[in-house]
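Understanding the architecture of this molecule
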Amino acid sequence: MTRSAAVRRTLPTSPFKARIEAPRKYFAVGDRVTHDTYGLGRAIDVEGDSDIAVLVDFGSRRERITPPYATMHKL
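This is a predicted model, so every value here is computed, not measured.

Following the criterion strictly, the structure yields 3 salt bridges and no others. A salt bridge links Lys 74 to Asp 31; the nearest nitrogen and oxygen atoms lie 3.5 Å apart. In this pair, Lys 74 sits in strand β5 (residues 72-74) while Asp 31 sits in the segment before β1 (32-35), placing the two residues 43 residues apart along the sequence. Looking at Asp 31, the relative accessible area reads 17%, which means it is buried. Linking Arg 64 and Glu 47 is a salt bridge whose minimum nitrogen-to-oxygen distance equals 3.1 Å. Placement of the pair is Arg 64 in strand β4 (residues 62-65) and Glu 47 in strand β2 (residues 39-47), with a sequence separation of 17 residues.

Laid out in structure tokens, this is it:
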């Protein structure tokens, strides 16, 4: 038996705060980015509207970064 990943509703009378989803990050070819591990780079390829992966050239290496992009930020 498999369970589907359903979004849970927060009841209005619940004493717990509702989870707030962070806004999605979108990258385009040519965007300058910074990554916590690899440093400064430029997006050279975007797979599937940024929801699959972004290929980034960091100068000395190229990395394929997949979502969530918590450690990558657009400059």
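Turning our eyes to something else, we now look at the packing of aromatic side chains. One pass over the structure, following the stated rule, counts 2 aromatic pairs. When the ring of Phe 27 is compared with that of Tyr 69, the centres are 5.1 Å apart and the planes differ by 85°; the resulting orientation is edge-to-face. Here the residue Phe 27 occupies a position in the segment before β1, and Tyr 69 occupies one in the loop between β4 and β5, the gap between them amounting to 42 residues. The burial state of Phe 27 is the same as that of Tyr 69; both residues are buried. When the centroid spacing of 5.2 Å and the interplanar angle of 40° are considered together, the rings of Tyr 38 and Phe 58 count as tilted. Placement of Tyr 38 in the loop between β1 and β2 and of Phe 58 in the loop between β3 (53-57) and β4 is noted, with a sequence separation of 20 residues between them.

What follows concerns the pairing of β2. Side chains on a regular strand alternate between the two faces of the sheet. Taken together, the 4 bridges between β1 and β2 define a ladder with antiparallel strand orientation. Its bridge partner lying in β2, His 35 is registered against Gly 39. Hairpin connection, β1 to β2: the antiparallel pair is bridged by 3 residues. Bridge analysis of β2 against β3 gives 5 bridges, and the strand direction is antiparallel. Bridge pairing in β3 links Asp 45 to Leu 55. Counting the residues in the hairpin turn of β2 and β3 gives 5 residues, including Gly 48, whose phi is positive at 65°.

Rules and cut-offs
Residues numbered from 1 in each chain as written. Predicted model: local features only at pLDDT ≥ 70, side-chain atom pairs only at ≥ 80, totals over all residues. Heavy atoms only, no water. Salt bridge = Lys/Arg side-chain N within 4 Å of Asp/Glu carboxyl O. Helix = DSSP H or I, 4+ residues; strand = E, 2+ residues; numbered from the N terminus. Buried < 20%, exposed > 50% of the residue type's maximum accessible area, 1.4 Å probe, protein only. Phe/Tyr/Trp six-rings, centres within 6.5 Å; stacked < 30°, edge-to-face > 60°. Pairing = 2+ DSSP bridges.

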